[in-house]
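Notes for the structure review
Below, each chain spelled out in residue letters.
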Amino acid sequence: MPPDDPAEIGRRVLRLRGERGLTQRQLAEPAYTAAYVSTLESGRVRPSEAALRHLAERLGVSYEELATGRPPHLAAELRLRLTDARRALATGAPEDAADLFRTVHEEAVTHTLDEEQADALLGLGDCLLESGDLTGAREQFAAAERLLADRPLPRHVPAVRGRATAHLLSGELRYACYLLESTLDELDTAGLHDPEALLLLYTASIAPYMDMGAHARAAHAAELALALAPRVDDPALVAGMHRGVARTLIAEGRIAEADASLAKAQELYRQLQIRTELAHCHWMRGYVHAQDGDLEHAENELRTARDILASKRAALFTEQVEVELADVLRRRGRTDEAEALLRPLLSAGDGDDGGAGPLGTGRGAVHAGGAHRLLGLIAEERGDAERAEEHYCAALSLLERSSAVGDLADLCRLLGDLLRRTGRVEAAMDAYRTGLGHRAAPGTTTLGPAPATPPM
């Protein structure tokens, strides 16, 4: 960080000299004159580094403190407090951790410590992701990226990952993929094959690829992430990789391997006491059991995930787990319980403001579509075809806007079957055609070419 302007340095020298009871001559000698110190204290000369180091030694302070006004060891203290804030986010409520990140951010701003400002903003963004304020989260990640504009690209990656996750949770799957893929291409073009940055990006890309039906790309990203893992020392990053890889294994029907991958992630998160990520592992294991038809174990895992997330007040993730829990409850014949879980999650306006609130457009859109689909199935089972159609159409609108190709074809089949059974054959054909139109070839999307594979 460059020294402050001459006037500020002059006032600082004058204050410190007075506190120590030194004359201008005593401060100046033997290298400088009292007249030079007088000129400096009045702000009429910019002192050289050599002069500042001499004066700092005579005043008993560090060069940095005299040149910038920054207390000694402040950066190290702020890094320690950022670690404490991260621990608070891992083990407690996001609102409590956010207060710690804000305090660090304010102090870093006061002393123009850009790196610490950026890390505090990244922490705030993660807090807002957990609490469900996706618009606020994107703003914090974007502000962090602006602060890091002149830093090497790998330093930007956590902010890019944060922005992409916020867009994914908003239902903007294609844009989430674009952010991650374009950053991978930039890293490759610049020859910056940083293992941690690459692992973070490949792991983050698995979820949007899967939701878009790009299973081949998701599997390739998982393969690259697994290859990178031995070169990464951060156990939280490795655990996140195992959790992401499990999604591709599930899609390939490799249920036992998916469960083993999740067990590895779960153990790492348990050791690190990262409760949100531990909850995600229970969530994914519940999904694995549900796919395998083991509904009792699925319900237990999903309830554990929901309890952990609810205790941390991670609102959006809690609501998303509840949608999947409702699916398991319906399949177990407990329809009333499933409906009681789903109805509070949706609002008439579908959460259009993008902030904290019920699931819908701009906030958990894919899971909102899933909730409407489940309510449609429940209505059909009760013989209420009109209400079922309303829910299927609401789900279709949400999933089309999200580009969730993997779920759209199934939903169009449900809607088409319902319309056909009620005698509306032409409308049913339209629904089937819509589903076929969204059914991409395996592993393909409307995205451009896949990112280049980095040298391993």
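In the annotation of an unreviewed UniProt entry, the protein chain is listed under the name Transcriptional regulator and assigned to Streptomyces venezuelae.

This prediction gives the protein chain a mean pLDDT of 87; 94% of its residues lie at or above 70. Model confidence for the protein chain, summarised as mean pLDDT per element, is weakest for helix α5 (residues 63-68) at 80 and strongest for helix α9 (residues 134-147) at 96. Contacts of residues 348-355 to residues separated by more than four positions or lying in other chains number 14 contacts, the stretch itself having pLDDT below 50. The low-confidence segment residues 440-446 (pLDDT under 50) makes 12 contacts with residues lying over four places distant or belonging to another chain.

Mapped onto the elements of the fold, A85 is located in helix α6 (residues 74-91). Along the backbone, A85 and T189 are 104 residues apart, and their C-alpha atoms lie at a distance of 35 Å.

A probe matching the size of a water molecule, rolled over the atoms, marks out where space remains unfilled. What the rule picks out here adds up to 1 cavity of 30 Å³ or more. Volume-wise, the largest cavity comes out at about 90 Å³. When contributions to the lining of the largest cavity are tallied by element, the ones reaching two or more residues are α11 (173-189), α12 (195-211) and α13 (215-228). Each residue belonging to the lining of the largest cavity can be placed in one class, and the counts come to 8 nonpolar, 3 polar and 2 charged.

This part covers the pattern of salt bridges. The final tally for this structure, using the stated rule, is 47 salt bridges. Taking the shortest distance from any N to any O, the salt bridge between E115 and R155 comes out at 2.7 Å. Separated by 40 residues along the polypeptide, E115 in helix α8 (residues 114-131) and R155 in helix α10 (residues 153-169) bring together distant segments of the chain. With relative accessibility at 21%, the residue R155 sits in the partly exposed group. Linked through salt bridges whose partners overlap, the residues forming this network are R79, E115, E116, D119, D150, R151 and R155.

Analysis parameters
Residues numbered from 1 in each chain as written. Predicted model: local features only at pLDDT ≥ 70, side-chain atom pairs only at ≥ 80, totals over all residues. Heavy atoms only, no water. pLDDT = per-residue confidence, 0-100. Helix = DSSP H or I, 4+ residues; strand = E, 2+ residues; numbered from the N terminus. Contact = heavy atoms within 4.5 Å. 1 Å grid on protein atoms, 1.4 Å probe; cavity = no way out; pocket = protein on both sides within 12 Å on 5 of 7 lines; lining within 4 Å. Points joined across faces, edges and corners; volume = space filled by probe spheres on them. Nonpolar A, V, L, I, M, F, W, Y, C, P; charged D, E, K, R; others polar. Salt bridge = Lys/Arg side-chain N within 4 Å of Asp/Glu carboxyl O. Buried < 20%, exposed > 50% of the residue type's maximum accessible area, 1.4 Å probe, protein only.

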